[in-house]
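Here is how the chains run, residue by residue.
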Amino acid sequence: MNVKIMVTGATGDYGRYALAYLQKFAPDADLYGLVRRDGQGADLSKRGIHLRVGDYANLPAMTQALRGIDRLLFVSTPTPAVQKNVVLAAQKNQVGYVAYTSIYRPDLAKFGLERNHLQTERWLKSAGLHYTALRNDWYLEVNQAMFTMAKRAHAFPYFSTDGVLSFALKREYAEAGARVISGAGAGEVVNLAGTPVTYPELGAATQAAVGHALRIQPVTETAFMSQMTQAGIMGAGVADAYQQYACDPQNGARDADSTEFERLLGHPLTPYAAAIRELL
Ligand SMILES: NC(=O)c1ccc[n+]([C@@H]2O[C@H](COP(=O)([O-])OP(=O)(O)OC[C@H]3O[C@@H](n4cnc5c(N)ncnc54)[C@H](OP(=O)(O)O)[C@@H]3O)[C@@H](O)[C@H]2O)c1
């Protein structure tokens, strides 16, 4: 019998990437996608993905949705309480292996998100499940507003001058998740970090990505927000929050190390300029 692998959050970006990678890495597996509501995921179904319906908030529905599943790639949501139901449903169905999308360095402050991830890791452990916590660093996509600004207004204003963060593409984290769940041989924790980078360096990478000169300028935070707003850029608040976070010397990003991530992928992470080009 073929192994049955389910990816939750199948209609989201990470879930879609992970399912596409699994079609490559596990061609003999039966692949399942969890959708929240009936009628979602028709395109996935056309690509040969079996669909199951369940909202994390609904334990009976989740228990039904996970019936017969051997391995689960559990994509996190920011709502802590509901994640327990996914763990309980996996336990009830004796799912053989779970890979959970956690957060890199959950011992550090991460907008409070670290509490949800640590709690979910604890639930997985106490449920007696065989699991791997995929401790994902930041998505490069959190800076999308800045890349759009560079393309639209030929400018890369920033207020985090020395602060450091580390990023990788969402699809790269999903590739790692697909490799882990299809191989089922990873340990309890896998650290998936990008390469440390400052915002001026990110500006230079963005300039290389767009292929023409940008005004890469340090500005005040107020000026940053007003320039983004005047240019009609969506999501500037997210970019602002990450720059503020970069300024925190305790954020641990200077020590981020991509070795484990790249070893797991079997190839290097996409350099920042090429990765940004994908998002333009
Ligand atoms: N590392 C980072 O920088 C970073 C940044 C942002 C987010 N994240 C985390 O990574 C996760 C995946 O990212 P993404 O970009 O793929 O997110 P996304 O595109 O928003 O997808 C989230 C998926 O989860 C599903 N979902 C949400 N709540 C659910 C519930 N209660 N029951 C069942 N399904 C539910 C959504 O279903 P619907 O389509 O029905 O909404 C969607 O399929 C996020 O949810 C978040 O926890 C990480």
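Residues numbered from 1 in each chain as written. Predicted model: local features only at pLDDT ≥ 70, side-chain atom pairs only at ≥ 80, totals over all residues.

### Digging into the overall build of the chain
Okay, so step 1: Each helix and strand counted, the chain has 12 helices and 12 strands in total.
Okay, so step 2: Scaling as 2.2 N^0.38, a compact globule of 280 residues should have a C-alpha radius of gyration of about 19 Å, and the chain matches this with 20 Å.
Okay, so step 3: Taken along its principal axes, the extent of the C-alpha atoms in the chain is 60 × 40 × 35 Å.
Okay, so step 4: Looking at the 280 residues of the chain, the share that counts as buried comes to 44%.
Okay, so step 5: Put simply, of all contacts in the chain between residues at least 6 apart along the chain, 77% involve residues at least 24 apart. (Helix = DSSP H or I, 4+ residues; strand = E, 2+ residues; numbered from the N terminus. Rg over C-alpha atoms; globule rule 2.2 N^0.38 Å. Buried ≥ 20, exposed ≤ 12 C-beta atoms within 10 Å, placed from the backbone. Contact = placed C-beta atoms within 7 Å.)

### What about the site of the ligand?
Okay, so step 1: Close to the ligand lie 22 residues, the nearest being Gly9, Gly12, Tyr14, Arg36 and Tyr139.
Okay, so step 2: Mapped by element, the contributors of at least two residues to the shell around the ligand are α1 (13-25) and β7 (138-139).
Okay, so step 3: Looking at the shell around the ligand, the element that brings in the most residues is α1, giving three residues.
Okay, so step 4: Broken down by class, the residue content of the shell around the ligand amounts to 10 nonpolar, eight polar and four charged. (Near = placed C-beta within 6 Å. Nonpolar A, V, L, I, M, F, W, Y, C, P; charged D, E, K, R; others polar.)

### Focus on the nonpolar core
Okay, so step 1: Membership of the largest hydrophobic core comes to 81 residues, with the highest contact counts inside it found for Ala18, Leu66, Leu72, Leu73, Val98 and Ala99.
Okay, so step 2: There are two domains that each give this core at least three residues, and those are domain 1 (4-136) and domain 2 (140-167 + 195-254 + 270-279).
Okay, so step 3: Discounting chain neighbours no more than four positions away, the residues touching Leu73 are Ile5, Val7, Thr8, Ala18, Ala99, Gly177 and Ile181. (Core = buried A, V, L, I, M, F, W, Y, C linked by C-beta atoms within 7 Å. Domains from an automatic or database assignment.)

### Quick look at unusual backbone geometry
Negative phi is the rule for most residues except glycine; trans is the rule for most peptide bonds.
Okay, so step 1: At Arg105, a position not held by glycine, the phi torsion is positive, near 50°.
Okay, so step 2: When you line up the elements, Arg105 lands in the loop between β5 (97-103) and α5 (113-126).
Okay, so step 3: Although it is not a glycine, Phe111 adopts a positive phi angle of roughly 60°.
Okay, so step 4: Summarising the element assignment, Phe111 is placed in the loop between β5 and α5.
Okay, so step 5: With 10 C-beta atoms packed within 10 Å, Phe111 lands in the exposed category.

### What to know about the domain arrangement of the chain
Okay, so step 1: Annotation of the chain at the domain level lists domain 1 (4-136) and domain 2 (140-167 + 195-254 + 270-279).
Okay, so step 2: For domain 1 and domain 2, the distance between their C-alpha centroids amounts to 31 Å.

### Here's the deal with the environment of Leu264
Okay, so step 1: Relative to the assigned elements, Leu264 resides in helix α11 (residues 259-265).
Okay, so step 2: A count of 19 C-beta atoms within 10 Å places Leu264 in the partly exposed class.
Okay, so step 3: Sequence-wise, Leu264 and Pro200 are 64 residues apart; in three dimensions their C-alpha atoms are separated by 29 Å.
Okay, so step 4: Other than its neighbours up to four places away in sequence, Leu264 contacts Ala176, Arg179 and Val190.

### A closer look at the sheet that holds strand β1 (residues 4-7)
Okay, so step 1: As summarised here, the arrangement of the seven strands in space is β3-β2-β1-β4-β5-β6-β10, forming an open sheet in which the pairing is parallel. Edge positions in the open sheet fall to β3 (50-53) and β10 (189-192), since each of these has one partner strand only. When the angles between neighbouring strand axes are averaged without regard to direction, this sheet yields 20°.
Okay, so step 2: In terms of strand pairing, strand β6 (residues 131-136) meets β10 through four bridges, oriented parallel. Looking across to β10, one finds that Ala133 is bridged to Val189.
Okay, so step 3: Lying on the sheet, α1 is in contact with β1, β2 (30-35), β4 (71-74) and β5; it crosses β2 at an angle near 175°.
Okay, so step 4: Contacting β1, β4, β5, β6 and β10, helix α7 (residues 170-183) crosses the sheet at an angle of about 170° to β6. (Pairing = 2+ DSSP bridges. Axes fitted to C-alpha atoms, helices over the stretch in contact; angles between N-to-C directions.)

### Considerations on helix α8 (residues 199-210)
For an α-helix, the turn length of 3.6 residues means that residues three or four places apart are oriented alike.
Okay, so step 1: An ideal rise of 1.5 Å per residue puts 16 Å on 12 residues; α8 measures up with 16 Å between its terminal C-alpha atoms.
Okay, so step 2: Within α8, burial applies to Tyr199, Leu202, Gly203, Thr206 and Ala209. On an axial view of α8, the arc spanned by its buried residues comes to 120°, and they lie on one face.
Okay, so step 3: Turning to α8, the residues buried within the fold contact α6 (144-153), β8 (155-158), β11 (195-198), β12 (215-218), α10 (236-246) and α12 (272-279). (Expected span 1.5 Å × (residues − 1). Arc of directions from axis to C-beta.)

### So, the environment of Arg171
Okay, so step 1: On the secondary structure map, Arg171 appears in helix α7.
Okay, so step 2: Distance in space between the C-alpha atoms of Arg171 and Asp257 is 18 Å, their sequence separation being 86 residues.

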